[in-house]
Amino acid sequence: MAYEQKIKIGAAKTKMVWTLGAASRSVVMIEKLLEAGMNIARFDFSEGSHAHHQETIINLRTAIRNTGILCAVMLDTKGPEIRTGEGETINLPTLTRKDKVDIVQWGIPNRIDIIVLSSVHKGSDLDQVRNLLGMHANNIMLMSKSGSGSEKMIDKASALGIPIVTAVQILGGQTTDDDLPNAVLDCTTDCVMLLADEEEAHPDIVLQRISSLCKELESSIDYKAVQQKIRKALPRPVLPIMARKAAYACWKYPKAKAIIITAKATVNFVAKCRPSVPVLLVVSMSESFKWSSHVASHGLVSRGIIPLMGAESKTIEDMISFGVQVAKKEGICNAGDSVVTLRVLNGCPVLVPLHVQ
């Protein structure tokens, strides 16, 4: 690994998305944003040239190395422009020619982690994007924008383990409505995308303020009540075994100090069960570095997940041991405590409680 990872255990469970704009694209400022709680760096391709964004991502990579703090890279596509009257039925393409060029000529070479799409109408639209990505499709998470976050849509996404991002407008360094506290308190959102003025003089202070607000709100959450609500909403007859095991990991062992997972297939399901304890996603560095970095970055999208990179592990037991060592070092657990491990063996999820030595 090119740098020693810095673990931020005390950060808010709700993840933070920040757009790297005019006032926030220098190495020094990006370092401050990472320290303040930025988990995902958004690149807005509705403006700016490839050269401009290239300078910014080089600065981001430098800041990540300097601080040791992981950060995912999000490419937000411009999408099609609507020039017709409101209410008129139109069929817009999922990707414009510009979007395709941005993804193929800039996104893929720069190993982006997430693509945000503004015009998705059906599942086959995402297939078109995956075909464009080709061999890189498994490494890049696709997200679609929705004009309305209906409760039914949110419940369905949660049942399927799909991360939810809530956009929050920031004016004068403050949120402009109740979307943020509502989303945090009812545990429906995984990330908040902070939309602030790109000329904001102190973006790191704004981000720190919002992150602290989220952490304060999270401290008042009744997790037992939230988990009971989730349990009632889960569609048991069609619930995949991976989701059931994730639920057991979160609910069956209430005295466990942490949940340690070693397979990316379990990440979103564990996050959706809204555990009250830290969830450590151990990523083995014995795999391809590029593949491992994408797994860790995707973990940054899910609420409460803490990706751990740097485990020179060849077996699952080595990965679990690494996770326990980090948990002890960071004060999450001590000798005599218990943790829950969730791993996948031969394609099947296995839940094992572990006594910390």
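Quick summary incoming for the structure in this document. Residue numbering note: each chain is counted from 1, following its sequence as written. Local features in this predicted model are restricted to residues of pLDDT 70 or higher, and side-chain atom pairs are both shown and tallied only at a pLDDT of 80 or more, whereas totals for entire chains, interfaces and linings draw on every residue. Just so you know, side-chain values use all the structure's heavy atoms and leave hydrogens and water out.

Topic: the packing of helix α1 (residues 27–36) against helix α2 (residues 50–67)
Piece 1. To define axes, lines are fitted to C-alpha atoms, for helices over the stretch in contact only, and angles between the resulting N-to-C directions are given on a 0 to 180 degree scale. Put simply, DSSP marks the helices as runs of H or I at least four residues long and the strands as runs of E at least two long, and each gets a number from the N terminus on. Contact pair α1 / α2: the axes reach a minimum separation of 8 Å and the direction vectors enclose 55°. Put simply, α1 runs oblique to α2. As α1 runs across α2, the sense of the crossing is right-handed. Contact residues: α1 offers Val27, Ile30, Glu31, Leu34 and Glu35, while α2 offers Thr56, Asn59, Leu60, Thr62, Ala63, Ile64, Asn66 and Thr67.
Piece 2. Gly counts as polar in this scheme, as do all residues outside two lists: the nonpolar Ala, Val, Leu, Ile, Met, Phe, Trp, Tyr, Cys and Pro, and the charged Asp, Glu, Lys and Arg. Partitioned by chemical class, the residues of the contact of α1 with α2 number six nonpolar, five polar and two charged. Orientation is classified from the angle alone, with under 35 degrees giving roughly parallel, over 145 giving roughly antiparallel, 65 to 115 giving roughly perpendicular, and any other angle giving oblique. Should the near helix be turned anticlockwise from the far one by less than a right angle, the crossing is left-handed, and should it be turned clockwise, the crossing is right-handed. Contacts are assigned to residue pairs with any non-hydrogen atoms lying within 4.5 Å of each other.

Here's the deal with helix α5 (residues 151–159)
Because each turn of an α-helix spans 3.6 residues, side chains separated by three or four positions end up pointing in the same direction.
Piece 1. When a residue's accessible area, from a 1.4 Å probe over protein chains only, is under 20% of the maximum for its type it is buried; when over 50% it is exposed; and in between it is partly exposed. Residues Ile154, Ala157 and Ala159 constitute the buried set of α5.
Piece 2. Lining the buried residues of α5 we find α10 (267–272).
Piece 3. In the stretch just after α5, glycine 161 is the one whose phi turns positive, near 75°.

Side note on the pattern of salt bridges
Should the charged atoms of two oppositely charged side chains come close, the side chains can pair.
Piece 1. Salt bridge criterion: a side-chain nitrogen from Lys or Arg within 4 Å of a carboxyl oxygen from Asp or Glu. Tallied over the full model, the rule gives 11 salt bridges.
Piece 2. A salt bridge links glutamate 35 to lysine 6; the shortest N-O distance between them is 3.0 Å. In this pair, glutamate 35 is assigned in helix α1 and lysine 6 in the segment before β1 (15–19), connecting sequence segments 29 residues apart.
Piece 3. Judged by relative accessible area, which is 36%, lysine 6 ranks as partly exposed.
Piece 4. Between aspartate 76 and arginine 42 there is a salt bridge whose closest N-O contact spans 2.8 Å. Note that aspartate 76 is positioned in strand β3 (residues 72–76) and arginine 42 in strand β2 (residues 38–44), a separation of 34 residues in sequence.

Quick word on empty space enclosed by the protein
Piece 1. Using only the protein atoms, space was sampled on a 1 Å grid; points where a 1.4 Å probe fits but cannot get out form cavities, open sets with protein on both sides within 12 Å along at least five of seven lines form pockets, and lining residues are those with an atom within 4 Å of a point. Grid points are joined across faces, edges and corners, and a volume is the space filled by probe spheres set on the points. A full pass over the atoms with the stated rule returns one cavity of 30 Å³ or more.
Piece 2. Of the voids in this model, the largest cavity is the one considered here, and its volume is about 40 Å³.
Piece 3. In terms of lining, the largest cavity is formed by Lys13, Ala271, Arg274, Pro275, Val277, Val279, Arg303 and Gly304.
Piece 4. Among the residues forming the lining of the largest cavity, the class breakdown is four nonpolar, one polar and three charged.

Details of the layout of surface pockets
Piece 1. Space inside the second largest pocket adds up to approximately 480 Å³.
Piece 2. Mapped by element, the contributors of at least two residues to the lining of the second largest pocket are β1, β2, α7 (203–218) and β11 (305–311).
Piece 3. Looking at the lining of the second largest pocket residue by residue, the classes come out as 15 nonpolar, eight polar and six charged.

Brief notes about unusual backbone geometry
In terms of backbone geometry, most residues other than glycine have negative phi values and most peptide bonds are trans.
Piece 1. Its identity as a non-glycine residue notwithstanding, arginine 111 has a phi of 55°, on the positive side.
Piece 2. Mapped onto the elements, arginine 111 comes out in the loop between α3 (97–107) and β4 (114–117).
Piece 3. Unusually for a residue other than glycine, arginine 274 sits at a positive phi of about 50°.
Piece 4. Checked against the element boundaries, arginine 274 lands in the loop between α10 and β10 (279–284).

A short note on the state of the cysteines
Piece 1. In plain terms, two cysteine sulfur atoms within 2.5 Å form what is called a disulfide here. One pass over the full model with this rule turns up zero disulfides.
Piece 2. Cysteine cysteine 191 shares no disulfide, and the gap to the nearest cysteine sulfur, in cysteine 214, comes to 11 Å.
Piece 3. Taking the relative accessible area as the measure of exposure, cysteine 191 reaches 0% and is therefore buried.

What about the side chain of histidine 53?
Piece 1. Relative to the assigned elements, histidine 53 resides in helix α2.
Piece 2. Within polar-contact distance, the side chain of histidine 53 engages the backbone oxygen of glutamate 47 at 3.0 Å.
Piece 3. Excluding its chain neighbours within four sequence positions, the residues that come into contact with histidine 53 are Phe43, Asp44, Phe45, Glu47, Gly48 and Trp106. A 3.5 Å cut-off defines polar contacts: any pair of N or O atoms within that distance qualifies, except that in protein one atom must be a possible hydrogen donor and the other a possible acceptor, and neighbouring residues in sequence count only when both atoms are side-chain atoms.

Side note on the packing of α1 against α7
Piece 1. Closest axis-to-axis distance for the α1/α7 pair is 9 Å, and the angle between their directions is 5°. Relative to α7, α1 is oriented roughly parallel. Where α1 approaches α7, its residues Met29, Lys32, Leu33, Glu35 and Ala36 are matched on the opposing element by Pro203, Asp204, Leu207, Gln208 and Ser211.

Quick look at the sheet that holds strand β6 (residues 165–171)
Piece 1. Between any two strands, pairing holds if DSSP finds at least two bridges. Spatially, β5-β4-β3-β2-β1-β8-β6-β7 is the arrangement adopted by the eight strands of the open sheet, whose pairing is mixed. Two strands lie at the open edges of the sheet, namely β5 (141–144) and β7 (174–175), each paired on one side alone.
Piece 2. Both β4 and β5 contribute to a ladder of four bridges, which runs parallel. By the bridge assignment for β5, leucine 117 is matched with serine 144.
Piece 3. In this fold α3 packs onto β2, β3 and β4, with an angle of close to 150° to the strand it touches most, β3.

Structural measurements only, silent on function.
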